[in-house]
Amino acid sequence: MNILVTGTPGTGKTTLCQRLSEQLHLNYLHFGSFARNIPVLQDLWNEQMQCYDLDDEAENMIMDEMEPLMEQGRCIVEHHDARPFPERWFGLVILLRSSTEQLFDRLSSRQYSQEKVQENIQAEIFNICKEQAEESYSPSIILELQSNTLDDFNSNVDLIQQWLSSHQFQ
Ligand code: ADP
Ligand code: MN
């Protein structure tokens, strides 16, 4: 079984993936890192928005790289968009949510343009990542978790561990 961690940029995906991969000995995979490591995809980097504008062909190249790792299992994958992956890859989808205030502070401290900060905050308000997760996976495997405070973080880690053990994840 593999785990997908999704949510608007700044909701805490990397922080959570790092903790869970250490604690549960999982292989942490970042979708964006695959894009960075495929030379022909570098032309698709959007400097203004600080992201790749990936078309279907580009996404499929990344899926091909990921497939053998996903088949081994015990991977935890970070990506803000739940749609590109085959549904069968994931047994648990963690959807992180944060308040506008938290996102504003976290995204403003990055090298993001005001436009990108605003775009991501709007995406969170309009539940874009949530809808993408819900159109891709069964509600029974989506865990939607608040990610505003350190207390949230610690209780999320506990809750995820409980979920995994009650679903026979070794
Ligand atoms: P993402 O990978 O979703 O873009 P990050 O994990 O990089 O998000 O987190 C963005 C910022 O928010 C980091 O500075 C991180 O330390 C902080 N952060 C993450 N989760 C929490 C939380 N639950 N409470 C407070 N701060 C958090
Ligand atoms: Mn991240």
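Residues numbered from 1 in each chain as written. Chains lettered and ligands numbered in written order. Predicted model: local features only at pLDDT ≥ 70, side-chain atom pairs only at ≥ 80, totals over all residues. Heavy atoms only, no water.

As annotated in an unreviewed UniProt entry, the protein carries the name Adenylate kinase isoenzyme 6 homolog and is attributed to Blattamonas nauphoetae. Of the comments in the UniProt record for the protein, the one headed Subunit (unreviewed entry) reads "Interacts with small ribosomal subunit protein uS11. Not a structural component of 43S pre-ribosomes, but transiently interacts with them by binding to uS11." The UniProt entry for the protein carries the following comment under Sequence similarities (unreviewed entry): "Belongs to the adenylate kinase family. AK6 subfamily." (UniProt positions renumbered as here; feature names shortened; annotations may be inferred.)

Turning our attention to the site of ligand 1. Close contacts around ligand 1 come from 16 residues, with G10, K13, T14, T15 and R110 the closest. Contact distances for ligand 1 include 3.0 Å between an oxygen atom and a backbone N or O atom of G12. The side chain of E78 places a nitrogen or oxygen atom 3.1 Å from an oxygen atom of ligand 1. In isolation ligand 1 has 560 Å² of accessible area, and contact with the protein removes 72% of it. Every element with two or more residues in the shell around ligand 1 is listed here: α1 (13–24) and α7 (150–166). Looking at the shell around ligand 1 element by element, the count peaks at three residues for α1. Residues of the shell around ligand 1, tallied by class, amount to three nonpolar, nine polar and four charged. (Near = heavy atom within 4 Å. Polar contact = N/O pair within 3.5 Å; in protein donor to acceptor, adjacent residues only side chain to side chain. Areas by Shrake-Rupley, 256 points an atom, 1.4 Å probe, with all protein chains shown as cover. Helix = DSSP H or I, 4+ residues; strand = E, 2+ residues; numbered from the N terminus. Nonpolar A, V, L, I, M, F, W, Y, C, P; charged D, E, K, R; others polar.)

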